[in-house]
Amino acid sequence: QVQLVESGGGLVQPGGSLRLSCLASRSIFSFNVMGWYRQAPGKERELVAHITIADTTNYAMSVKGRFTISRDNAKNTVTLQMNSLKPEDTAVYYCNKVPARITRDYWGQGTQVTVSS
């Protein structure tokens, strides 16, 4: 069974923090690099962070130093800790394997993050 369930989004003030969580099915999680993607209105979906099975991480320049990705292999979960949030971080955030094809792979509903004063 394929499952990707994101949670933890919400409205936060600039400079605030938010922690996103993703529960993935074992078929997606166990044998893939996992990542967090985001899509703002009118923009392409972009990969902001990913993590390998060995816990090697990588970040987009726009979030490096502010976001931290982690995974729990026993629980099939991926977490994104977001600090020092900026208005430009506003987007729907999705988790998925890396790479994932936008139009051909399965995607969850995502979770909305809004950064505004």
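See the structure shown above.
Every value quoted in this text rests on a predicted model; they were computed, and no experiment measured them. (Residues numbered from 1 in each chain as written. Predicted model: local features only at pLDDT ≥ 70, side-chain atom pairs only at ≥ 80, totals over all residues. Heavy atoms only, no water.)

**Q** Would you mind going over the nonpolar core with me for this structure?
**A** Looking at soluble globular proteins, one finds that nonpolar side chains tend to be buried together. Leu20, Met34, Trp36, Ile69, Leu80, Met82 and Tyr93 are the most contacted members of the largest nonpolar core, which has 28 residues in total. Residue assignment for this core shows that the elements contributing at least two residues are strand E3 (18-24), helix H1 (26-29), strand E4 (33-39), strand E5 (46-51), strand E7 (67-72), strand E8 (77-82), strand E9 (91-98) and strand E10 (111-115). Residue contacts for Leu80: discarding those within four places in its chain leaves Leu18, Arg19, Leu20, Trp36, Ala49, Phe67, Thr68, Ile69 and Tyr93. (Core = buried A, V, L, I, M, F, W, Y, C linked by side-chain atoms within 4.5 Å. Buried < 20%, exposed > 50% of the residue type's maximum accessible area, 1.4 Å probe, protein only. Helix = DSSP H or I, 4+ residues; strand = E, 2+ residues; numbered from the N terminus. Contact = heavy atoms within 4.5 Å.)

**Q** Even after reading the chapter, I still don't get the environment of Ser84, so can you show me in this structure?
**A** Along the polypeptide, Ser84 turns up in the loop between E8 and E9. The exposure class assigned to Ser84 is partly exposed, which follows from its relative accessible area of 40%. Taking the C-alpha atoms as reference, Ser84 lies 19 Å from Ser7; in sequence the two are 77 residues apart. The contacts of Ser84, once residues within four sequence positions are left out, are Gly15, Gly16, Ser17, Arg66 and Asp89.

**Q** What's the story with the pairing of E9 in this structure? I'm lost.
**A** Side-chain positions along a regular strand alternate between the two faces of the sheet. Where burial is concerned, most of E9 is hidden: 6 out of the 8 residues are buried. Two strands pair when backbone bridges link them, and E4 and E9 are joined in this way by 7 bridges, in the antiparallel orientation. By the bridge assignment, Arg38 is partnered in E9 with Tyr93. Taken together, the 3 bridges between E9 and E10 define a ladder with antiparallel strand orientation. Each bridged residue has a counterpart across the sheet, and for Ala91 the counterpart in E10 is Val113. (Pairing = 2+ DSSP bridges.)

**Q** Just to check I follow, could you spell out the packing of aromatic side chains for this structure?
**A** Each aromatic ring pair is summarised here by two numbers: the centre-to-centre distance and the angle between the ring planes. What the rule picks out here adds up to 2 aromatic pairs. Summarising the aromatic geometry, the rings of Tyr37 and Trp107 are spaced 5.0 Å apart at their centres and angled 80° between planes, so their arrangement reads as edge-to-face. A residue pair is termed long-range when its members are at least 10 positions apart, and Tyr37 in strand E4 and Trp107 in the loop between E9 and E10 qualify at 70 residues. Taking relative accessible area as the criterion, Tyr37 reaches 7% and is therefore assigned buried. Overall, Trp107 belongs to the buried group, its relative accessible area being 12%. With 5.9 Å between their ring centres and 85° between their planes, Tyr94 and Trp107 make a pair best called edge-to-face. Within this pair, whereas Tyr94 is found in strand E9, its partner Trp107 is found in the loop between E9 and E10, the two being separated by 13 residues in sequence. We classify Tyr94 as buried; its relative accessible area is 11%. (Phe/Tyr/Trp six-rings, centres within 6.5 Å; stacked < 30°, edge-to-face > 60°.)

**Q** Explain the pattern of salt bridges to me, please; I cannot follow it from the model alone.
**A** Between side chains of opposite charge, a pair can form when the charged atoms approach closely. Overall, the coordinates contain 5 salt bridges when judged by the stated rule. In this structure, the salt-bridge partner of Asp89 is Arg38, at a minimum N-O distance of 2.9 Å. Highlighted residues: Asp89 in the loop between E8 and E9 and Arg38 in strand E4, separated in sequence by 51 residues. With a relative accessible area of 6%, Arg38 lands in the buried category. Notably, a salt bridge pairs Asp89 with Arg66, separated by 2.7 Å at the nearest N-O pair. Placement of Asp89 in the loop between E8 and E9 and of Arg66 in the loop between strand E6 (57-59) and E7 is noted, with a sequence separation of 23 residues between them. The class for Arg66 is buried, based on a relative accessible area of 10%. Shared partners join several salt bridges into a network, and the residues in it are Arg38, Glu46, Arg66 and Asp89. (Salt bridge = Lys/Arg side-chain N within 4 Å of Asp/Glu carboxyl O.)

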